Amino acid sequence: MASDNGVDSDCMTITRFLIDQQRSCPGATGSLTLLLNQLMTAVKAIASAVKRAGIANLYGIAGSQNTTGDEQKKLDVLANDLFINMLSTCGQACMLISEENEDPVIVPEENRGKYIVTFDPLDGSSNIDCLVSIGSIWGIYEKKTPGPPTKEDVLRPGTEMVSAGYALYGSGTMVVMSTGCGLHGFTLDPNIGDFVLTHRDMFIKNRGKIYSTNEGYEKYWDQKVTNYVHSIKYPEDEKKSPYGARYIGSMVADVHRTFLYGGIFLYPANTKSPNGKLRLLYESNPMAFMMEQAGGRATDGEKRVMEIEPKGIHERCPVFMGSTYDVDDCMKFLTA
Ligand code: AHG
Ligand code: MN
Ligand code: MN
């Protein structure tokens, strides 16, 4: 509780929150808490680099391409190094799957633990140089089979994830995450250098008033997607207002707003990208896990995103996620 001088003498830091959760979970060993603690160090270091980017010569390209052919920015590379260095030394992870690495990163045997972490170290790269919000996304699985880790250990549906989260580097820095017991948000308090619980039990409204998509691609959309978007812009009932449009182009920022204000975020397939753009293992699945924890829905247009059986670690899928009634309305058009 905050005292008269504005200092909270009993603040619920993210680590304290995780330890509390761990105590109420029979069989928990604290291993996930240790891993997440280390991940928070990576997030804090990225947040600091993002803030200093303009003066620390961190804008611009690194001069390389990642596995899906995107040009790598300096911050993409730095964020990826931080995730890999922190996670591979915490003793709790055995394999890391990054957007920036074509192959899985196998943790040296002496440091291996039971978790597999998938991540997009820097999401929204095209927004870095103009100071628009960017983020990081991660998903965590437990390795189920004995022996050295292989790709197959992570080619499992998202329903098998044990935890997922994202960090948003915006006007403030937030971490939103779930270990399967609801969705909770933590804000970085720069005075103490730690994340404190600010959004307990986040729930998304059943219906919102905002749609979020790159409408510039309408020309390449399936007619069914066009019909749905038209329906919310021109409601049949004359008295109803059209939905507002918001699109940042950083999935973390667009989905974060969707959690808080409701509505729908969609990145459909199009004729140029037949599976959409977003990557299943480290973008769509973690966000779908959190969306369902918040009482919302996430589908690829046919089934739950989390029920997709992945074939490759960098595979893409179309995404429609957000408020239940909005996603249901959208599905009516898609399955018509
Ligand atoms: P990344 O920067 O990790 O490659 O991800 C960018 C993604 C995602 O954040 C966003 O939703 C989408 O790309 C925007 O794509 P468009 O520019 O095609 O709208
Ligand atoms: Mn991304
Ligand atoms: Mn990225």
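Quick caveat, the model's predicted, so the values are computed rather than measured.

K.L.:
Looking at this structure, I do not really get the pattern of salt bridges. What am I missing?
P.N.:
Oppositely charged side chains can pair when the atoms bearing their charge come close. One pass over the full model with this rule turns up 16 salt bridges. Note that Arg279 is salt-bridged to Glu283, the shortest N-O span being 3.1 Å. For Arg304, the salt bridge is made with Glu292, and the minimal N-O distance between the two is 2.8 Å. Here Arg304, found in the loop between β14 (297-299) and β15 (319-322), pairs with Glu292, found in helix α6 (residues 280-293); they are 12 residues apart in sequence, far enough to count as distant. Assessed through its relative accessible area of 32%, Arg304 is described here as partly exposed. Assessed through its relative accessible area of 25%, Glu292 is described here as partly exposed.

K.L.:
I tried to follow the coordination of the manganese ion (ligand 3) on my own but got confused; where do I start?
P.N.:
Angles at a metal have ideal values that depend on geometry: 109.5 degrees with four tetrahedral donors, 90 or 180 degrees with six octahedral donors. Taken together, Glu99 (OE), Asp120 (OD) and Leu122 (O) make up the protein donors of the manganese ion (ligand 3), found 2.0 to 2.2 Å from the metal. Binding-site remark: the manganese ion (ligand 3) is held by donors from one chain whose sequence spacing is E-x20-D-x1-L. Between the manganese ion (ligand 3) and the manganese ion (ligand 2), both coordinated by Asp120, there is a metal-metal distance of 3.8 Å. Residue Asp120 shares its accessibility class with Leu122, and that shared class is buried.

K.L.:
Help me out: how do you make sense of unusual backbone geometry in this one?
P.N.:
For residues besides glycine, phi is generally negative; the peptide bonds are generally trans as well. The phi angle at Leu131 is positive, at roughly 65°, despite the residue not being glycine. In this structure Leu131 comes out as exposed when scored by relative accessible area, which is 67%.

K.L.:
What should I look at first to understand the site of ligand 1 in this one?
P.N.:
Inspection of the region around ligand 1 gives 18 residues, with Asp123, Asn214, Tyr217, Tyr247 and Tyr267 positioned closest. Asp123 is positioned such that a nitrogen or oxygen atom in its side chain is 2.6 Å from an oxygen atom of ligand 1. A total of 480 Å² of accessible area belongs to ligand 1 in isolation, and the protein chains cover 89% of it. In terms of residue count, strand β5 (residues 115-123) provides more of the shell around ligand 1 than any other element does, 3 residues in total. Class assignment for the residues of the shell around ligand 1 results in 6 nonpolar, 5 polar and 7 charged. Two domains each donate at least three residues to the shell around ligand 1, and these are domain 1 (14-199) and domain 2 (210-334).

K.L.:
How should I be thinking about the domain arrangement of the protein in this particular structure?
P.N.:
Taken domain by domain, the protein comprises domain 1 (14-199) and domain 2 (210-334). A separation of 23 Å is found between the C-alpha centroids of domain 1 and domain 2. Facing the 49 residues of domain 1 at the interface are 31 residues of domain 2. It is Leu155, Tyr166 and Leu183 in domain 1 that bury the most area against domain 2; as a group they hold 20% of the surface buried on that side. At the junction of domain 1 and domain 2, the tally comes to 1 salt bridge. Glu99 is paired through a salt bridge with Arg279; the nearest N and O atoms lie 2.5 Å apart. The interface formed by domain 1 and domain 2 contains 13 residue pairs in polar contact (both at pLDDT 80 or more). Counting residues per element, the ones that place at least two in the side of domain 1 that touches domain 2 are β3 (93-98), β5, β6 (134-142), β7 (163-169) and β8 (173-178). The greatest single-element share of the side of domain 1 that touches domain 2, amounting to 7 residues, is contributed by β6.

K.L.:
Is there a simple way to explain the sheet that holds β6 in this structure?
P.N.:
For sheets, the rule is that strands pair by backbone hydrogen bonds, running either parallel or antiparallel. Strand order across the open sheet formed by 8 strands is β4-β3-β5-β6-β7-β8-β9-β10, with mixed pairing between neighbours. At either end of the open sheet lies a strand with only one pairing partner, and these are β4 (105-106) and β10 (194-199). Sheet topology note: the strand β9 (residues 184-189)/β10 ladder contains 5 bridges and is antiparallel. From the neighbouring strand, Asp189 faces β10, where its bridge partner is Asp194. Helix α1 (residues 14-23) rests against β8, β9 and β10 of the sheet, and its axis sits at about 150° to β9. Relative to β6, helix α2 (residues 31-52) is tilted by about 165°, and along the sheet it contacts β3, β5, β6, β7, β8, β9 and β10.

Quick notes on the rules
Residues numbered from 1 in each chain as written. Chains lettered and ligands numbered in written order. Predicted model: local features only at pLDDT ≥ 70, side-chain atom pairs only at ≥ 80, totals over all residues. Heavy atoms only, no water. Salt bridge = Lys/Arg side-chain N within 4 Å of Asp/Glu carboxyl O. Helix = DSSP H or I, 4+ residues; strand = E, 2+ residues; numbered from the N terminus. Buried < 20%, exposed > 50% of the residue type's maximum accessible area, 1.4 Å probe, protein only. Donors = N, O, S within 2.8 Å, 3.2 Å for Na, K, Ca; no water. Near = heavy atom within 4 Å. Polar contact = N/O pair within 3.5 Å; in protein donor to acceptor, adjacent residues only side chain to side chain. Areas by Shrake-Rupley, 256 points an atom, 1.4 Å probe, with all protein chains shown as cover. Nonpolar A, V, L, I, M, F, W, Y, C, P; charged D, E, K, R; others polar. Domains from an automatic or database assignment. Contact = heavy atoms within 4.5 Å. Buried area = accessible area lost by both parts, 1.4 Å probe. Pairing = 2+ DSSP bridges. Axes fitted to C-alpha atoms, helices over the stretch in contact; angles between N-to-C directions.

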